[in-house]
Amino acid sequence: MTEREHIEIEGRALVLYDGVCALCNGVVRFFLKHDKLEKLRYAPLQSLVGRKMLARFGIVSPSDGVVLITDSLTPRERLYRRSDAVGAALKLLSSPWQLLGRSLMLVPRRLREFAYGIVARMRYRLFGRYTTCPVPPPSLRSRLLGVYE
């Protein structure tokens, strides 16, 4: 992880996503559009940044699709996976998305995880797959990390 990436991540929320998944990239584009206060940073799970951040939690081979780490690189950092990650990330956006995140977290976790699992298993068939992680436009590159390795 470079010094610039460390500075961009420290104390912020970091969304780790499957960089070759078209659905996951669409979710990142959605978050970028609606994250008006720029609270979130993003990195592919497959990137050096993604792997190093997951290693902090003892995770070597991620298969979650979406992971959220809040308060990154601080003693308060916390890891969210799967539907918890999506709900927690939505709660960091402005309204109405914040309300959607809160509402999602009211759904019983077992039901959320069941639905998430179905989508996760079918995401490549339904939405497609990239051969490499798409390169973001220059205006967004400070918020998307680990895609230039």
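Check the entry above for the structure.
Residues numbered from 1 in each chain as written. Predicted model: local features only at pLDDT ≥ 70, side-chain atom pairs only at ≥ 80, totals over all residues. Heavy atoms only, no water.

So, about helix 3 (residues 48–55). For helix 3, every residue scored as buried is listed here: V49, G50, M53 and L54. Down the axis of helix 3, the buried set is contained in an arc of 125 degrees. They therefore lie on one face. (Buried < 20%, exposed > 50% of the residue type's maximum accessible area, 1.4 Å probe, protein only. Helix = DSSP H or I, 4+ residues; strand = E, 2+ residues; numbered from the N terminus. Arc of directions from axis to C-beta.)

Glancing now at the nonpolar core. Counting 20 residues, the largest nonpolar core has F31, L40, Y42 and L68 as the members making the most contacts within it. Every element with two or more residues in this core is listed here: strand 1 (13–17), helix 2 (22–34), strand 2 (40–44), strand 3 (66–70) and helix 4 (82–91). With 13 residues, the next largest nonpolar core counts I9, L14, I59 and L145 among its residues. (Core = buried A, V, L, I, M, F, W, Y, C linked by side-chain atoms within 4.5 Å.)

Overall, the coordinates contain two aromatic pairs when judged by the stated rule. Among the aromatic residues, those joined into a cluster by ring pairs are F30, F31 and W97. Note that R123 overlies the ring of Y124, its terminal NZ or CZ placed 4.9 Å from the centroid. (Phe/Tyr/Trp six-rings, centres within 6.5 Å; stacked < 30°, edge-to-face > 60°. Lys NZ or Arg CZ within 6 Å of the ring centre and 35° of its normal.)

The pairing of strands in a sheet happens through backbone hydrogen bonds and is either parallel or antiparallel. Taken in spatial order, the four strands make up an open sheet running 2-1-3-4, and their pairing is mixed. Since the sheet does not close on itself, it has two edges, and those belong to strand 2 and strand 4 (78–81), each with one partner. Ignoring strand direction, the axes of neighbouring strands in this sheet form an average angle of 20 degrees. Judged from the five bridges that link them, strand 1 and strand 2 form a sheet pairing that is parallel. The residue of strand 2 that forms the bridge with V15 is Y42. Lying on the sheet, helix 2 is in contact with strand 1 and strand 2; it crosses strand 2 at an angle near 160 degrees. (Pairing = 2+ DSSP bridges. Axes fitted to C-alpha atoms, helices over the stretch in contact; angles between N-to-C directions. Contact = heavy atoms within 4.5 Å.)

So, on to the layout of surface pockets. The method is simple in principle: a probe with the dimensions of a water molecule rolls over the atoms, and the space it marks as empty is what remains. Looking at the largest pocket, its volume works out to about 350 Å³. As for the largest pocket, its lining consists of 15 residues, of which L23, V27, V86, Y116 and V119 are closest to the centre. Secondary-structure elements contributing two or more residues to the lining of the largest pocket are helix 2, helix 4 and helix 6 (109–127). Ranked by residue count, the leading element in the lining of the largest pocket is helix 6, at six residues. Of the residues that constitute the lining of the largest pocket, the class distribution is 10 nonpolar, two polar and three charged. (1 Å grid on protein atoms, 1.4 Å probe; cavity = no way out; pocket = protein on both sides within 12 Å on 5 of 7 lines; lining within 4 Å. Points joined across faces, edges and corners; volume = space filled by probe spheres on them. Nonpolar A, V, L, I, M, F, W, Y, C, P; charged D, E, K, R; others polar.)

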